[in-house]
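Structure at a glance
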Amino acid sequence: MAHSVGMLGQECFDLKKKAIAHLHDYSFMDEIPTIDYSLLFSKDHNERAKSLEHLGKACQEFGFFYLINGVEERVVEGALKGISDFFELTNQEERSGYLKKNSMDRIRWCLRSHAGENREHLKIVTHPVYHCPSKPDRCKIRRATFNLYPPSLQSKGSIGLAEHTDPGFFVSLIQDVNGGLQMLSHKGNWITVNIPRNSIFISIGDHLEILTNGNYKSHIHQVILDNNEVKRISMATLHGPSLDTFVAPALGFIDESHPPTYRGMTYKESLELNGFDEIDVQSSLIQLRMPLSL
Ligand SMILES: O=C(O)CCC(=O)C(=O)O
Ligand SMILES: [Fe+2]
């Protein structure tokens, strides 16, 4: 069950928020911590140190958080409008021009409508060379996966996107309507992501879990459709190292009682480990895990 502010009780939530703010700790919204980007670069050394500590805590204890004061609202709105224009101002035939052709695709479109997935999406690679669909003219979106989930009236309870984790160091996500995306918490409960205004959602990816030898976890998430009576648009941007970077548990996270729990590999090799292309960005975390020695 997803936990909501309602379930915690508004009063309790307010009190908790006040107390936490007083302690200068991170605040909670639907159990998801909030990190203030501007404080991470504060001129005040103490404030900066404190907020870095909170960032570490959020990564370790949650694995995901809302980031405020990091991206201007008009940038988020512009990106969502660009994605919406892409889906609205092109027809399906035009979009299907980006169907898989080969492993070198830098823009790829897909429409899936079956029990395990209900979404139309476009994936684009923007690094080191920027790619973007040519239509509509006004489409100025940069990077990542644009997801369009249908309204749920016909498909109540169905899965928009099945449980998975994302590769990369971290993923930033914006959405036009709240509800739908759920994160599986450390405690094993599903938490609905309701991104507050002026914020973006950040979650840790597989390669940060590998780099930190499992200290920071890449969390399973899914999209369900029964929260939405309208279509929902999201943009998930995957931030990873360069493709030739060898990612392995860093020395600072290894000692006698904490042996490496993942084998190292270049980012590109790990993205292609299960026969996928770079643009598919499918997780290979399970395959990279070392077998347990008894
Ligand atoms: O649409 C969402 O909210 C999540 C998308 C997602 O998890 C992904 O593209 O990997
Ligand atoms: Fe994802």
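Whatever comes next refers back to the structure up there.
Residues numbered from 1 in each chain as written. Chains lettered and ligands numbered in written order. Predicted model: local features only at pLDDT ≥ 70, side-chain atom pairs only at ≥ 80, totals over all residues. Heavy atoms only, no water.

Attention shifts here to the packing of aromatic side chains. Using the criterion set out here, one finds 4 aromatic pairs in the structure. Taken together, a centroid distance of 5.1 Å and an interplanar angle of 55° make the contact between Tyr37 and Phe41 tilted. By the ring-pair criterion, three or more aromatic residues cluster together here, those being Phe64, Tyr66 and Phe201. (Phe/Tyr/Trp six-rings, centres within 6.5 Å; stacked < 30°, edge-to-face > 60°.)

To continue, consider the coordination of the iron ion (ligand 2). Those donors, His164 (NE2), Asp166 (OD), Asp166 (OD) and His221 (NE2), are the protein atoms that reach the iron ion (ligand 2), and they lie 2.1 to 2.5 Å from it. Geometry at the iron ion (ligand 2) is irregular, judged from its 6 donor atoms and the angles of 52 to 169° they form at the metal. The sequence motif formed by the donor residues of the iron ion (ligand 2) is H-x1-D-x54-H. One end of the pair, His164, is in strand E7 (residues 159-164); the other, His221, is in strand E12 (residues 221-224), with 57 residues separating them in the sequence. On the basis of relative accessibility, which here comes to 23%, the residue His164 falls in the partly exposed class. (Donors = N, O, S within 2.8 Å, 3.2 Å for Na, K, Ca; no water. Tetrahedral: all angles 85-135°; square planar, octahedral: opposite > 155°, others 65-115°. Helix = DSSP H or I, 4+ residues; strand = E, 2+ residues; numbered from the N terminus. Buried < 20%, exposed > 50% of the residue type's maximum accessible area, 1.4 Å probe, protein only.)

For the rest of this paragraph, the subject is helix H5 (residues 73-88). In a regular helix each residue adds 1.5 Å, so 16 residues correspond to 22 Å; H5 covers 22 Å between its end C-alpha atoms and thus fits that length. Elements that come into contact with the buried residues of H5 comprise helix H6 (92-95), strand E5 (117-124), strand E6 (144-149), strand E8 (170-175), strand E11 (199-204) and strand E13 (232-239). (Expected span 1.5 Å × (residues − 1). Contact = heavy atoms within 4.5 Å.)

We now examine the site of ligand 1. The full set close to ligand 1 counts 13 residues, and Tyr149, His164, His221, Arg232 and Ser234 are the nearest of them. His164 is positioned with one of its side-chain polar atoms (N or O) 3.1 Å from an oxygen atom of ligand 1. Residue His221 places a side-chain N or O atom 3.1 Å away from an oxygen atom belonging to ligand 1. Bound to the protein, ligand 1 loses 93% of the 290 Å² it would expose on its own. Of all the secondary-structure elements, those providing two or more residues to the shell around ligand 1 are E6, E7, E12 and E13. No other element matches the 3 residues that E13 contributes to the shell around ligand 1. For the shell around ligand 1, the residue count by class is 6 nonpolar, 4 polar and 3 charged. (Near = heavy atom within 4 Å. Polar contact = N/O pair within 3.5 Å; in protein donor to acceptor, adjacent residues only side chain to side chain. Areas by Shrake-Rupley, 256 points an atom, 1.4 Å probe, with all protein chains shown as cover. Nonpolar A, V, L, I, M, F, W, Y, C, P; charged D, E, K, R; others polar.)

All right, on to helix H4 (residues 45-61) then. Look at H4: 24 Å from first C-alpha to last across 17 residues, which is about the 24 Å you get at 1.5 Å a residue. Three or more residues of H4 are buried, namely Ser51, His54, Leu55, Gly56, Ala58 and Cys59. Check the buried side of H4 and you find it contacts strand E2 (32-36), helix H3 (37-40), strand E3 (64-68) and E11. The N-capping residue of H4, defined by a side-chain oxygen 2.9 Å from the backbone nitrogen of Asn46, is Asp44.

Turning our attention to the side chain of Ser172. As for its placement among the helices and strands, Ser172 is situated in strand E8. Taking relative accessible area as the criterion, Ser172 reaches 13% and is therefore assigned buried. Here His239 takes part through its side chain, which lies 2.9 Å from a polar atom of the side chain of Ser172. In contact with Ser172, other than residues within four places in its own chain, are Ile200, Phe201, Ile202, Met235, Ala236, Thr237 and His239.

As a further point, take the nonpolar core. With 28 residues, the main nonpolar core has Ile35, Phe65, Leu122, Phe146 and Ile174 as its most contacted residues. Every element with two or more residues in this core is listed here: H4, E3, H5, strand E4 (107-114), E5, E6, E11 and E13. At 6 residues, H5 tops the list of elements feeding residues into this core. Setting aside its immediate chain neighbours within four residues, Phe65 contacts Ile32, Pro33, Ile35, Leu55, Ala58, Cys59, Ile200, Phe201 and Ile202. (Core = buried A, V, L, I, M, F, W, Y, C linked by side-chain atoms within 4.5 Å.)

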